[in-house]
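Chain residues, written in single-letter form:
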Amino acid sequence: MRILALDSSGLTASVAVVEDEQILFEYTMNYKKTHSQTLLPMLDEAVRMTGLSLGSVDAIAVAGGPGSFTGLRIGSATAKGLGLALDKPLIHVPTVDAMAYRMFGCSGLICPIMDARRNQVYTGIYRFEEKFETVKEQLAEDITVLAGMLNELGERVVFLGDGVPVYREKIEETVKVPYVFAPPHMCRQSAAAVGALGLVYAKKGKTEHARDHKPDYLRMSQAERERLEREKEQQHDCP
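All values derive from a computational prediction rather than experimental measurement. (Residues numbered from 1 in each chain as written. Predicted model: local features only at pLDDT ≥ 70, side-chain atom pairs only at ≥ 80, totals over all residues. Heavy atoms only, no water.)

**Q** Would you take a moment to explain the overall build of the protein chain for this structure?
**A** Scanning the protein chain for helices and strands turns up 7 helices and 10 strands. Relative to its length of 239 residues, the protein chain is compact, with a C-alpha radius of gyration of 19 Å against a globular reference of 18 Å. Projecting the C-alpha coordinates of the protein chain onto the three principal axes gives extents of approximately 60 × 55 × 35 Å. Residue burial in the protein chain is summarised as follows: out of 239 residues, 48% are buried. With the model as given, the accessible surface of the protein chain reaches about 12000 Å², and the carbon-plus-sulfur share is 50%. Counting 28 positive and 32 negative side-chain charges, the protein chain places the centres of these two groups 2 Å from one another. (Helix = DSSP H or I, 4+ residues; strand = E, 2+ residues; numbered from the N terminus. Rg over C-alpha atoms; globule rule 2.2 N^0.38 Å. Buried < 20%, exposed > 50% of the residue type's maximum accessible area, 1.4 Å probe, protein only. Areas by Shrake-Rupley, 256 points an atom, 1.4 Å probe, with all protein chains shown as cover. Lys, Arg positive; Asp, Glu negative; His and termini not counted. Charge placed at Lys NZ, Arg CZ, Asp CG, Glu CD.)

Given below as structure tokens:
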């Protein structure tokens, strides 16, 4: 089975082609440009460098959130457009799951953290020494509350993700169990990981029609929160 994989859920943009037990192509970029500038050219490069047509893939895996609202919309729209045009199923791969899936053979707990602002992170807790296991499904959580959860579990933790540089000091202050930070080459999103986990999902029949795909934002956007706050203020001011 051949999978085209996309991840634009965070600061990193990534495109990969995964076929059974091998990665045929991966292009990952995290430097200055926006996803609207990079994702389609990266897809073009995948076709040019491999010589494969997009129509030859069996499914399209996309990092389905959480993450950057704009990035998720770009990735979702691209995947949906390709799925509809090529008549291919989509595989919705949770962003944080895919990040943890890179850490095969890791002892202890794996805890990806993506900066969600306001002292919150998008996160989840996993194990992957041999079998990939979800200890805590992905969620949006206060970094201090997350530290308390990890302390209660009482196991060694590997942290990764763009939330590490943002909350490193907070982790050092609040996490009491042994922990390490993943090195740069394992720390950010990877379309190859999305494709590899997507392949596992596809073999289990976990696919969807392109028209049905929706990203998982896990919480409201800033604009939506501000709108609700304004409405509450207006209701409070009403006689």
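We are not done yet, so read on.
**Q** I tried to follow the nonpolar core on my own but got confused; where do I start?
**A** One recurring pattern in soluble globular proteins: nonpolar side chains tend to sit buried together. Counting 33 residues, the largest nonpolar core has A61, I91, V93, M103, I110, L160 and V194 as its most contacted members. At the level of elements, β1 (2-7), β4 (59-63), β5 (90-93), α3 (95-101), β6 (106-115), β7 (120-128), β9 (157-160) and α6 (191-203) are the ones that each hand at least two residues to this core. A per-element tally of this core places α6 first, with 7 residues. Not counting residues up to four positions away in its chain, the partners in contact with A61 are I3, L4, A5, L6, I91, V93, V194, G195 and G198. (Core = buried A, V, L, I, M, F, W, Y, C linked by side-chain atoms within 4.5 Å. Contact = heavy atoms within 4.5 Å.)

**Q** It is not clear to me how empty space enclosed by the protein should be interpreted in this structure. Could you clarify?
**A** Leftover empty space is mapped by rolling, across the atoms, a probe with the size of a water molecule. By the definition in use, this model includes 2 cavities of 30 Å³ or more. Counted as a void, the largest cavity has a volume near 60 Å³. Taken together, L4, V17, A46, V47, T50, L52, S53, L54, S56 and V57 form the lining of the largest cavity. Ranked by residue count, the leading element in the lining of the largest cavity is helix α1 (residues 35-50), at 3 residues. As a volume, the second largest cavity reaches approximately 40 Å³. Taken together, L11, A13, M29, N30, Y31, K33, H35 and T38 make up the full set of residues lining the second largest cavity. For the lining of the second largest cavity, the class distribution of residues is 4 nonpolar, 3 polar and 1 charged. (1 Å grid on protein atoms, 1.4 Å probe; cavity = no way out; pocket = protein on both sides within 12 Å on 5 of 7 lines; lining within 4 Å. Points joined across faces, edges and corners; volume = space filled by probe spheres on them. Nonpolar A, V, L, I, M, F, W, Y, C, P; charged D, E, K, R; others polar.)

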